[in-house]
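Architecture at a glance
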Amino acid sequence: MRGIDLQRVVEALATPSGRAVGTRGHDVARKYITENLRAVGLVPYRGGSFELPYSAQGVAFTNIAACVPGAEPDRLPLLVHAHYDTCGEQPGADDNAAAIAIALQVAECLCAAPLRRTVVFSFPDAEEPPHYLTEAMGSTHFYQSQRVTDFHCAIAMDLVGHDVPVPGMEDVLFITGMESDPGLEPVLLQCRPPDVLEPLPTLTRYVGDLSDYAVHRHARRPFLFLTCAHWEHYHEASDTPDVLNYAKMASIGEYLAGLLHLLDIQVLDGPFESHDTTQTEL
């Protein structure tokens, strides 16, 4: 992957003051993301701006959304989520600057070689408490009020910058949502990860609604969630750029690109959560 440098993006976003809603850090992060979207060649998802402002519960928020137009724009687009706010005054390198950096890097590659489907890159606001799973949550508002069409499949990333803190499982990337459509199981079986990454599909019901995929699950639409799970730096001041594994992040970016290429041509026609994925889990 080319011009977007993962570590440089994380270091620019993960400052000690954080990116909590309503703070200067939040404004700086929003500007930084939109400048990078423009620089790598994406276009606004709707209208003439990458910024999609909204208000809820008496507070002003801003989602960010851009796209790489596909060769066959009549097809339902793919969607990648990576929220940009933090939980209070903490750097948020893993939560969620790492996912933003990976999304920007994959977006840049797709600009050079677009898919058949348009790929929408969404950077939702208000994922963190106290807005989490409320009407103010950015991904929920985006899906309910700002989307132009439905999506072929949504992929959410959160906490994708670190080694899993279990001996022998450091290279694992957990994936939930395979059960949301029968067509997702063959995609995960066919998508070959880099040698240094070990994708581990599991069921969403084991963990519940943890991030921006929740609105898609409730809408009974195909989704996947990529994460390395909670660890000691989660929602802490110690979630700084120096604790991340950038080689693993690069591998996750390669894997995400592979998923998007396969999803571009995969039939996903339901029914929702009707498929037994036990054998693939085993």
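To start, this report covers the structure provided alongside it. (Residues numbered from 1 in each chain as written. Predicted model: local features only at pLDDT ≥ 70, side-chain atom pairs only at ≥ 80, totals over all residues. Heavy atoms only, no water.)

1. With respect to helix α1 (residues 6-13)
- Residues of α1 that are buried: Leu 6, Val 9, Val 10 and Leu 13. Axial view of α1: buried residues confined to an arc of 95 degrees, hence all on one face.
- On its buried face, α1 sits against α2 (24-40), α3 (93-112) and α7 (246-265).
- Between the side-chain oxygen at the start of α1 and the backbone nitrogen of Gln 7 there is a gap of 3.2 Å, and the oxygen is on Asp 5. (Buried < 20%, exposed > 50% of the residue type's maximum accessible area, 1.4 Å probe, protein only. Helix = DSSP H or I, 4+ residues; strand = E, 2+ residues; numbered from the N terminus. Arc of directions from axis to C-beta. Contact = heavy atoms within 4.5 Å. Polar contact = N/O pair within 3.5 Å; in protein donor to acceptor, adjacent residues only side chain to side chain.)

2. Comments concerning the nonpolar core
- Phe 121, Phe 123 and Leu 260 are the most contacted members of the largest nonpolar core, which has 65 residues in total.
- Dropping the residues within four chain positions of it, Leu 260 is found in contact with Leu 78, Val 80, Val 106, Leu 110, Leu 115, Val 119 and Ile 155.
- If you look at the next biggest cluster of nonpolar residues, it comprises eleven residues, including Tyr 45, Leu 52, Ala 65 and Ala 154. (Core = buried A, V, L, I, M, F, W, Y, C linked by side-chain atoms within 4.5 Å.)

3. A few points about the pairing of strand β3 (residues 59-68)
- Where burial is concerned, most of β3 is hidden: eight out of the ten residues are buried.
- By the bridge criterion, two bridges tie strand β1 (residues 43-44) to β3 in an arrangement that is antiparallel. Bridged to Pro 44 within β3 is Ala 66.
- Of the strand pairs in this sheet, strand β2 (residues 51-56) and β3 are connected by six bridges, and their pairing is antiparallel. Note that in β3 the partner of Ala 56 across the bridge is Val 59.
- Taken together, β2 and the strand that follows it, β3, pair antiparallel across an intervening segment of two residues, in which Gln 57 is found at a positive phi of about 55 degrees.
- Here β3 runs beside strand β5 (residues 119-123); their pairing, made up of five bridges, is antiparallel. Bridge pairing in β5 places Val 68 opposite Val 119. (Pairing = 2+ DSSP bridges.)

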